[in-house]
Amino acid sequence: MTINNQTEITNILLLGFQNLHNLRSLLFIAILIIYIISITGNIVIISLISTHRQLHTPMYTFLGLLSSSEIISTTNIVPNMLVVIAADGSMLPFTACLSQFYIFSALTNTECFLLTVMSYDRYLAICHPLRYNSIMNFKLCLHLIIWSWVLGFIITLIILVNLVSTVKFCGPNTMNHFFCDLAPILNLSCSDTFIVEIQALLFSVPVIIMPFIFIIATYIFIAFTIMRITSTTGRKKTFSTCSSHLSTVCTYYGTLISVYLVPSKENSPNVKVVSLLYVIVTPLLNPIVYSFRNQDIRTALTKCIHKS
């Protein structure tokens, strides 16, 4: 297709990690192992939550949805990433690239909202335990779940529609990354991308910044409540109910902010490294953290092991 004497690209070349030489096989095996462990761990968490009645609570329902999102998100990126690493670069239809970006970005937004909802759940359970069941009822829980997913996908859809309708892509057709993210896609443009960049920046406020501030605020209230507990055992027990979520939030938002909100050079290898941590390591840590630091999950897992 020709637009203003410029050919619109239909395929892109993902460069991945160049000049790895003998380390390519090692990186391939490491990512494959991490991917398998991550998928298996998240499936185990979903299975435990689905089959154990004591885990049928809002907190674990949100956790199960978070694990589902992690499975879809990593599967959207990792298999093709392994092809890119093995072949030292791989061609990808531009439409497939846009689809990968949409799914990944939408699920990233959804996970931000789910983590925020989980922090609100912990705030109610610790700071207002007597009113918890009346506030966090089935109706509210269902609304929080639906809106987390709907908003996550709608916000990304708005960006994608604006991207496709206002930006022309005519080369180069090489992307110095291992998956299709917004910044690498915009680098393929031969027209002004200012509107899309501003739109993405504005949406980061309700998707990343405001949820993060909300989570910090809830944990400040939780910390004050825990400090008012006179018993040391009581303080430890109360803190243990939210420590897993806090660990997940710190890991998730730490890498998220590093990738999308901290300025960095366009072709800096640090961008790929932090993106790799965000795409691969974070989904792995979620099941590990909740398996080792959550008593209810450990108990349910132990029962399953004994039954088998």
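Computed from a prediction, not measured in an experiment: that's the story for all the values here.

Conventions we followed
- Residues numbered from 1 in each chain as written.
- Predicted model: local features only at pLDDT ≥ 70, side-chain atom pairs only at ≥ 80, totals over all residues.
- Heavy atoms only, no water.
- Helix = DSSP H or I, 4+ residues; strand = E, 2+ residues; numbered from the N terminus.
- Salt bridge = Lys/Arg side-chain N within 4 Å of Asp/Glu carboxyl O.
- Buried < 20%, exposed > 50% of the residue type's maximum accessible area, 1.4 Å probe, protein only.
- Disulfide = S-S within 2.5 Å.
- Axes fitted to C-alpha atoms, helices over the stretch in contact; angles between N-to-C directions.
- Parallel < 35°, antiparallel > 145°, perpendicular 65-115°, else oblique.
- Left-handed = near helix turned anticlockwise from the far one by under 90°.
- Contact = heavy atoms within 4.5 Å.
- Nonpolar A, V, L, I, M, F, W, Y, C, P; charged D, E, K, R; others polar.
- Expected span 1.5 Å × (residues − 1).
- Core = buried A, V, L, I, M, F, W, Y, C linked by side-chain atoms within 4.5 Å.
- UniProt positions renumbered as here; feature names shortened; annotations may be inferred.
- Pairing = 2+ DSSP bridges.

Asks: Lay out the environment of V164 with the relevant residues and their values.
Replies: Relative to the elements of secondary structure, V164 occurs in helix α5 (residues 138-166). Between the alpha carbons of V164 and Y260 there is a distance of 21 Å; along the sequence they are 96 residues apart.

Asks: Describe the pattern of salt bridges, naming the residues involved and giving the relevant values.
Replies: Applying the stated criterion to the full structure yields 2 salt bridges. Among the ionic pairs, R24 bridges to D88, the shortest N-O distance being 3.3 Å. Of this pair, R24 sits in helix α1 (residues 23-51) while D88 sits in the loop between α2 (58-87) and β4 (90-93), placing them 64 residues apart in sequence. Between R122 and D121 there is a salt bridge; the shortest N-O distance is 2.8 Å. One exposure class covers both R122 and D121, and it is buried.

Asks: Before we move on, can you summarise the state of the cysteines with the specific residues and values?
Replies: Applying the stated criterion across every chain, the model contains 2 disulfides. The side chain of C97 participates in a disulfide bridge whose partner is C180; the two sulfur atoms lie 2.0 Å from each other. Between C97 and C180, the disulfide has an S-S torsion of -120° and is therefore left-handed. A residue pair is termed long-range when its members are at least 10 positions apart, and C97 in helix α3 (residues 94-127) and C180 in the loop between β5 (174-175) and α6 (182-186) qualify at 83 residues. Residues C97 and C180 agree in their burial class; the two are buried. A disulfide bridge connects C170 with C190, and the sulfur atoms are separated by 1.8 Å.

Asks: Lay out the packing of helix α7 (residues 194-227) against helix α8 (residues 232-260) in plain terms, naming residues and giving numbers.
Replies: Think of two packed helices as two axes; the pair is described by the angle between the axes and how far apart they sit. Put simply, α7 and α8 touch, their axes get as near as 11 Å, and they point 160° apart. In this view, α7 runs roughly antiparallel relative to α8, as classed from their interaxial angle. Between α7 and α8 lies a crossing of left-handed hand. Residues V207, I208, P211, F212, I215, Y219, I222, I226 and M227 of α7 form the contact with α8, whose own contacting residues are R235, T238, F239, C242, H245, L246, V249, Y253, L256 and I257. Class assignment for the residues of the contact of α7 with α8 results in 16 nonpolar, 2 polar and 1 charged.

Asks: Go over α3 with me, naming the residues and quoting the values.
Replies: The end-to-end C-alpha distance of α3, which contains 34 residues, comes to 49 Å, matching closely the 50 Å that a straight helix rising 1.5 Å per residue would cover. Where burial is concerned, most of α3 is hidden: 28 out of the 34 residues are buried.

Asks: Can you tell me about the nonpolar core, naming the residues and giving the values?
Replies: Nonpolar side chains tend to gather and get buried jointly when the protein is soluble and globular. Membership of the largest hydrophobic core comes to 58 residues, with the highest contact counts inside it found for I31, L63, M81, L115, I222, Y253 and V279. Here I222 is in contact with R122, Y123, I126, C127 and C242, once residues within four sequence places are set aside. Counting 22 residues, the second largest nonpolar core, distinct from the first, contains L92, C97, F101 and M175.

Asks: Outline the UniProt feature "transmembrane region" (unreviewed entry) in the protein, supporting the account with residue identities and numerical values.
Replies: Per the UniProt record, "transmembrane region" (unreviewed entry) is found at residues 26-50, 62-87, 99-120, 140-164, 201-226, 238-261 and 273-292. A helix fraction of 100% and a strand fraction of 0% characterise residues 26-50, whose end C-alpha atoms lie 36 Å from each other. Across residues 140-164, helical content stands at 100% and strand content at 0%; the span's end C-alpha atoms are separated by 36 Å.

Asks: Quick one: what's the story with the sheet that holds strand β3 (residues 11-14), residue by residue and with numbers?
Replies: Reading across from one edge, β4-β3-β5 is the order of the 3 strands in this open sheet, with mixed pairing throughout. Lying at the two open borders of the sheet, with one neighbouring strand each, are β4 and β5. Pairing of β3 with β5, which is carried by 2 bridges, proceeds in the parallel orientation. Residue pairing in the sheet places L14 in a bridge with M175 of β5.

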